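Descriptive analysis of the structure
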2 protein chains.
Amino acid sequence: MKYGVIGTGAIGGYYGAKLAHSGQEVHFLLHSDYEYVKAHGLQVDSCNGSFHLTDVNAYQHTEDMPPCDVVLVCLKSVNNSLLNSLLSHLLHHQTLVVLIQNGIGIEEDVQKMFPDVQLAAGLAFICSAKTEPGRVNHQCYGSINLANYSCKDETLMQIVVDEFRLAGIQAELVEYHEARWKKAVWNMPFNGMTVALHTQTDLLLKNEATRRLIREQMMEVVGAAQHLGIKNIDSSFVDKMIEITDSMTPYSPSMRLDYDFHRPMELYYIYTRPIEIAREAGYKMPKLEMLEAELRFLEEQNNKKG
Amino acid sequence: MKYGVIGTGAIGGYYGAKLAHSGQEVHFLLHSDYEYVKAHGLQVDSCNGSFHLTDVNAYQHTEDMPPCDVVLVCLKSVNNSLLNSLLSHLLHHQTLVVLIQNGIGIEEDVQKMFPDVQLAAGLAFICSAKTEPGRVNHQCYGSINLANYSCKDETLMQIVVDEFRLAGIQAELVEYHEARWKKAVWNMPFNGMTVALHTQTDLLLKNEATRRLIREQMMEVVGAAQHLGIKNIDSSFVDKMIEITDSMTPYSPSMRLDYDFHRPMELYYIYTRPIEIAREAGYKMPKLEMLEAELRFLEEQNNKKG
């Protein structure tokens with residue numbers, strides 16, 4: 001199968017390089033790193049063994065890329081309006097587009113742009129960062145769950161999972177709504193709180209007041225999910241998320257990095273949209289609403305600083 | 001009447017000096033500024049006309065002060081445990097103690113220390129700061145409302161109000177619970193939010209998201225007050241508070257100054273206690289609860305720095 005990667009950063013660079021390294025045909029769309037990667041290849045510094053890709057199928061424009069069987073969309077969701085022009089060149093009749101992005105409501109919006117395209121969600125559990133051009137630093141974890149949104153061909157979904165596994169990536173097929181909301185349980189509190197209090201995951205859990213607050217925010221997400229009829233999600237999942245984070249090395253989630261580097265934060269799909277979906281279903285998330293307001297304020301101030 | 005002032009800072013320095021300037025006998029307890037004020041007097045730089053007090057009845061210890069008819073307590077409420085020893089020397093059988101401090105539950109706790117003392121609340125509407133030793137900078141406003149908590153002598157309350165007025169201070173007698181909770185409508189959102197987002201009142205109201213958030217937090221205070229049976233408080237009072245703040249010059253409330261100078265913040269009486277009182281009465285204040293947690297975190301980090 002032919003793979004396309006839109007957005008060769010911390011996520012797309014890692015999964016794309018792993019697939020290519022295992023022998024799959026992978027075509028990478030690059031932006032600022034194009035010249036560098038064309039000349040020097042792609043380096044993955046990984047806790048599970050580093051490696052280098054010498055001959056990378058690197059492109060500056062999707063017009064030059066071949067139609068692909070699977071497209072991994074690894075853009076920041078703030079740039080999803082670009083998909084309208086970026087994606088169309090990569091599609092054939094049965095292309096599966098996997099949206100490896102954080103948040104709720106993404107597939108719904110992309111499906112509106114491309115009503116006939118087969119979509120899946122990719123839920124990455126990974127700590128990685130692009131530290132310099134053509135170089136991905138994979139710190140820990142690395143599994144990915146795939147969830148079918150509108151793929152008519154379950155076999156295709158399974159093939160992709162198998163090919164990820166062959167590439168040494170832990171991968172599972174999971175239920176779409178449950179997976180997206182479970183991921184939000186961690187993402188909604190930690191992404192924003194590390195920005196709002198300019199801190200990292202460990203300190204938020206060490207302070208008694210913010211440890212309780214993180215838990216309450218997680219319970220708001222669980223409450224919303226339950227209200228929306230999602231199964232297999234309750235306070236024991238919250239306990240597990242907190243336990244896992246306790247055992248992690250101090251971590252700055254992607255939103256904190258975006259804020260620090262004066263890049264736009266993914267506020268819409270991580271906060272606005274899930275809060276709105278829950279509210280429309282009659283469920284309120286007051287503490288996450290407040291967090292969103294604080295982040296909107298900080299983003300405005302951050303923009304002024306440039 | 002003899003006045004005593006405990007805590008000669010931005011508030012005690014201003015009201016005490018105004019009373020002394022108008023001819024009242026005022027005895028000031030000072031701490032770090034004692035030597036300076038004894039030698040050079042007390043300077044009030046005021047938007048309503050500056051003045052200097054040359055001969056100040058300044059004391060380092062309450063043991064040296066005479067019993068007073070009215071004691072103005074202008075300490076930060078984080079130091080209220082000191083009142084046990086500080087107050088006793090100043091009391092006679094009919095002393096009125098006026099607690100000019102921010103928060104909810106203060107009078108209840110001081111009354112427990114001194115079950116027989118007559119207490120009143122003093123609600124100061126003033127922008128002032130102690131900028132250097134013996135120097136108070138009064139920027140704007142300056143009125144004070146007095147509310148009877150346990151004074152058996154309504155005439156005494158009225159005399160104090162009259163003497164404040166004679167000193168050129170706008171003063172009113174108001175209802176205790178209504179006054180304390182109305183003050184909290186402004187104090188709870190703005191004190192904490194200027195710390196949490198490291199900003200000033202004007203920017204919080206200029207950003208659409210935080211303007212809405214401030215309003216929602218104010219409505220939580222109104223909701224709690226209504227739930228506690230307090231009259232004359234509804235959303236129109238919130239509109240008025242926001243309107244007044246819109247017309248103020250950009251302002252850093254006392255909590256922001258305390259945080260910036262690494263002093264303890266008045267979290268207990270401004271947040272913990274009112275939130276607890278409301279919760280016990282069956283009313284939740286989720287956004288102010290979250291704000292308190294953020295402030296507890298920031299206070300811990302601030303202590304480490306300094």
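Residues numbered from 1 in each chain as written. Chains lettered and ligands numbered in written order. Predicted model: local features only at pLDDT ≥ 70, side-chain atom pairs only at ≥ 80, totals over all residues.

A few words now on the interface of chain B and chain A. Of the residues lining the interface, 16 residues belong to chain B; the matching set on chain A comes to 16 residues. For the side of chain B that touches chain A, the elements supplying multiple residues, two or more each, are helix 8 (208-227) and helix 12 (286-305) of chain B. Take the side of chain B that touches chain A: its biggest share by element is nine residues, from helix 12 of chain B. The class makeup of the residues in the side of chain B that touches chain A is nine nonpolar, two polar and five charged. (Contact = placed C-beta atoms within 7 Å. Helix = DSSP H or I, 4+ residues; strand = E, 2+ residues; numbered from the N terminus. Nonpolar A, V, L, I, M, F, W, Y, C, P; charged D, E, K, R; others polar.)

Another aspect to go through is the domain arrangement of chain A. Buried accessible area, meaning the area lost when the parts come together, often serves as the stated size of an interface. All names here are of chain A. Assigned domains within chain A: domain 1 (2-174) and domain 2 (178-305). Computed over C-alpha atoms, the centres of domain 1 and domain 2 are 24 Å apart. Between domain 1 and domain 2, the residue contacts involve 15 residues of the former and 15 residues of the latter. Among the elements of the structure, strand 8 (118-132) and strand 9 (135-148) are those that each provide at least two residues to the side of domain 1 that touches domain 2. No other element matches the four residues that strand 8 contributes to the side of domain 1 that touches domain 2. Its residues assigned to classes, the side of domain 1 that touches domain 2 comprises nine nonpolar, five polar and one charged. (Domains from an automatic or database assignment.)

Our focus in this paragraph is helix 12 of chain B. The end-to-end C-alpha distance of helix 12 of chain B, which contains 20 residues, comes to 29 Å, matching closely the 28 Å that a straight helix rising 1.5 Å per residue would cover. Residues of helix 12 of chain B that are buried include every one of B:Lys287, B:Leu288, B:Glu289, B:Met290, B:Leu291, B:Glu292, B:Ala293, B:Glu294, B:Leu295, B:Phe297 and B:Leu298, and no others. (Expected span 1.5 Å × (residues − 1). Buried ≥ 20, exposed ≤ 12 C-beta atoms within 10 Å, placed from the backbone.)

Residues and elements named next belong to chain A. In the Ramachandran plot, His 198 falls in the positive-phi region, its phi being about 45° despite a non-glycine side chain. The residue His 198 is located in the loop between helix 6 (176-196) and helix 7 (201-206) in this model. At Asn 232, a position not held by glycine, the phi torsion is positive, near 60°. Summarising the element assignment, Asn 232 is placed in the loop between helix 8 (208-227) and helix 9 (235-247). What makes Asn 232 exposed here is the crowd of 10 C-beta atoms within 10 Å.

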